[in-house]
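Inside the fold
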Amino acid sequence: MPCLPISFLNMKTTILGVSFSSRMLGLAVLQSDCLIDYSVKLFKEPWSPAKMDHILTSLTSAIDNYNITDMALSIPPIHYQAGPFQELWMEIATLGHTKSLNVVMYRQGELQALCGNSERMTRKALMEAVMSSYPELEPFYRRERRNRNKYYHKMFEAIGAGVLFLKQGK
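The structure reproduced in this document is the subject of the present report. (Residues numbered from 1 in each chain as written. Predicted model: local features only at pLDDT ≥ 70, side-chain atom pairs only at ≥ 80, totals over all residues. Heavy atoms only, no water.)

Re the overall build of the protein
When its secondary structure is counted, the protein shows six helices and five strands. Mapped in sequence order, the helices and strands of the protein form the string β-β-β-α-β-α-β-α-α-α-α. Here the protein holds 170 residues, and 48% of them are scored as buried. Pairs at least 24 residues apart make up 64% of the contacts formed inside the protein by residues separated by at least 6 positions. Accessible surface for the protein amounts to roughly 8,900 Å². Of this, 53% is attributable to carbon and sulfur atoms. (Helix = DSSP H or I, 4+ residues; strand = E, 2+ residues; numbered from the N terminus. Buried < 20%, exposed > 50% of the residue type's maximum accessible area, 1.4 Å probe, protein only. Contact = heavy atoms within 4.5 Å. Areas by Shrake-Rupley, 256 points an atom, 1.4 Å probe, with all protein chains shown as cover.)

In structure tokens form, the structure reads like this:
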């Protein structure tokens, strides 16, 4: 079934999948089983209040443009959670609550459900699991596999968080 333009989707639940760090932001907009939009943004400048504002502005723009009703956050393992990450995490959660969104957080281990219980969750396994549902992501998967510096995995994690949200019917 083809996905409808956003103007026809006003009454449905629209999920914003978010995977973030203090340097990268992966976004995915999902509705039912349709992947409406996806992107990854890189913020190269050193950590500062201005950088946090840029990240929050990107999120606010997506929330407003797509009439987001729910936000699914992919949270990295604890050893990736430095001070700036913690600060950003709190601001994103506050933004979600300010916009009256249902905010759900998924740890990396919870994303394992997308890969199947028998397979160890790696970035590659997660990307392949997401790509099996959305074959249009194959060019990004191939590019990421060739890249020395990983970039698109945040986008795949954001899509995975949104898909998990839909599967669990939160």
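Once you've had a look at it, read on.
As for helix α6 (residues 153-168)
Here α6 contains 16 residues, and its C-alpha end-to-end distance of 22 Å stays within 8% of the 22 Å for a straight helix at 1.5 Å per residue. Burial within α6 is extensive, with 13 of its 16 residues counted as buried. Positioned one or two residues after α6, Gly169 has a phi angle of 60 degrees, which is positive. (Expected span 1.5 Å × (residues − 1).)

Description of the sheet that holds strand β3 (residues 34-42)
Pairing is mixed in the open sheet, where five strands are placed in the order β3-β2-β1-β4-β5. Where the open sheet ends on each side, the last strands, each with one partner, are β3 and β5 (102-107). This sheet shows a mean twist of 15 degrees between the axes of neighbouring strands, independent of strand direction. With five bridges connecting them, strand β1 (residues 15-20) and strand β4 (residues 70-75) associate as parallel partners. Note on β4: the bridge partner recorded for Ile15 is Asp70. Sitting on the sheet, helix α2 (residues 83-98) is in contact with β1, β4 and β5, with an inclination near 165 degrees to β4. (Pairing = 2+ DSSP bridges. Axes fitted to C-alpha atoms, helices over the stretch in contact; angles between N-to-C directions.)

Topic: the pattern of salt bridges
Enumeration over the complete set of coordinates arrives at four salt bridges. Residue Asp64 is joined to Lys99 by a salt bridge in which the shortest nitrogen-to-oxygen separation is 3.0 Å. Taken together, the residues span a long stretch of sequence, with Asp64 in helix α1 (residues 49-65) and Lys99 in the loop between α2 and β5 at a distance of 35 residues. Here Lys99 falls in the partly exposed class, since its relative accessible area comes to 31%. (Salt bridge = Lys/Arg side-chain N within 4 Å of Asp/Glu carboxyl O.)

Examining the side chain of Ser58
By secondary structure assignment, the location of Ser58 is in helix α1. Setting aside its immediate chain neighbours within four residues, Ser58 contacts Leu25, Lys41 and Phe43.

Here we look at the nonpolar core
Within the largest apolar cluster, 29 residues are counted, with the highest numbers of intra-cluster contacts made by Tyr106, Tyr134, Leu137, Met155, Phe156 and Ile159. Where this core is concerned, the elements lending two or more residues are β2 (24-31), β3, β5, α4 (123-133), α5 (138-146) and α6. Broken down by element, the residue count for this core peaks at eight residues, all from α6. (Core = buried A, V, L, I, M, F, W, Y, C linked by side-chain atoms within 4.5 Å.)

Focus on the pairing of β2
It is a general feature of regular strands that their side chains alternate between the two faces of the sheet. Among the eight residues that make up β2, eight are buried, leaving the element largely enclosed by the rest of the structure. Going residue by residue along β2, you find Met24, Gly26, Ala28 and Leu30 tucked away on one face and Leu25, Leu27, Val29 and Gln31 tucked away on the opposite face as well. As defined by bridge partners, β1 adjoins β2 across six bridges and the pair is classed as antiparallel. Bridge pairing in β2 places Leu16 opposite Val29. The antiparallel pairing of β1 with β2 creates a hairpin that spans three residues between the two strands.

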